[in-house]
Amino acid sequence: MDDKRLQTGSRQRIDKWLFFARVSKSRSLAQERVAGGHVRINGQIVRQSSHLIGPGDRVELALQKRAIVLLVVKAGERRGPYEEARLLYQDMTPPPSEEDKLGPLDQATRLPGSGRPTKKERRAIDRLQPGEPWSDD
């Protein structure tokens, strides 16, 4: 079976497939992701970007904020548009749980003290600095 798959060209390097499937922006980023241990193929962590995958393989990727599970349908020939890349895999990622979803208010709310100060916080900071013309000193 494996010899037949190699002859037909249906097996491909994991870094190349990730690039063609538009999971990574470049092959070098795909190689870094694989070398970092963020990719599993059929449940096994793969650290070599030369690892060959083929139709039927299950690829699990740990991205920054989520994990995705893809079932390889076929090898890619080029990095084409999204519609073409989408034909290379089936997305088997389970839907996010209710705990993982952030509501619109949660997304827009920042923790106090993080990021740029608000106008109110800026005025409070300015009041603490002595000698400024707008301070109460």
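All values derive from a computational prediction rather than experimental measurement. (Residues numbered from 1 in each chain as written. Predicted model: local features only at pLDDT ≥ 70, side-chain atom pairs only at ≥ 80, totals over all residues. Heavy atoms only, no water.)

Asks: Explain the sheet that holds strand E3 (residues 44-45) to me, and be specific about the residues and the numbers.
Replies: Pairing within the open sheet is antiparallel, and its 5 strands lie in the order E3-E2-E5-E6-E7. Looking at the sheet topology across the chains shown, the edges are occupied by E3 and strand E7 (89-91). Of the strand pairs in this sheet, strand E2 (residues 39-41) and E3 are connected by 2 bridges, and their pairing is antiparallel. Bridge assignment links Ile41 to a residue of E3, and that residue is Gln44. (Pairing = 2+ DSSP bridges. Helix = DSSP H or I, 4+ residues; strand = E, 2+ residues; numbered from the N terminus.)

Asks: Quick one: what's the story with the nonpolar core, residue by residue and with numbers?
Replies: If you look at the biggest cluster of nonpolar residues, it comprises 19 residues, and the most contacted ones within it are Ile14, Trp17, Leu18, Val39, Ile53, Val59 and Leu61. Broken down by element, the residue count for this core peaks at 5 residues, all from helix H2 (residues 14-20). Dropping the residues within four chain positions of it, Leu61 is found in contact with Leu18, Val23, Arg33, His38, Val39, Arg66, Ala67, Ile68 and Leu70. (Core = buried A, V, L, I, M, F, W, Y, C linked by side-chain atoms within 4.5 Å. Buried < 20%, exposed > 50% of the residue type's maximum accessible area, 1.4 Å probe, protein only. Contact = heavy atoms within 4.5 Å.)

Asks: Residues and numbers for the pairing of strand E6 (residues 67-72), please.
Replies: Across 5 bridges, strand E5 (residues 58-62) lies against E6 in antiparallel orientation. Looking at E6, one finds that Ala62 is bridged to Ala67. One ladder, built from 3 bridges, connects E6 with E7; its direction is antiparallel. Looking at the pairing, Leu70 lines up with Asp91 of E7.

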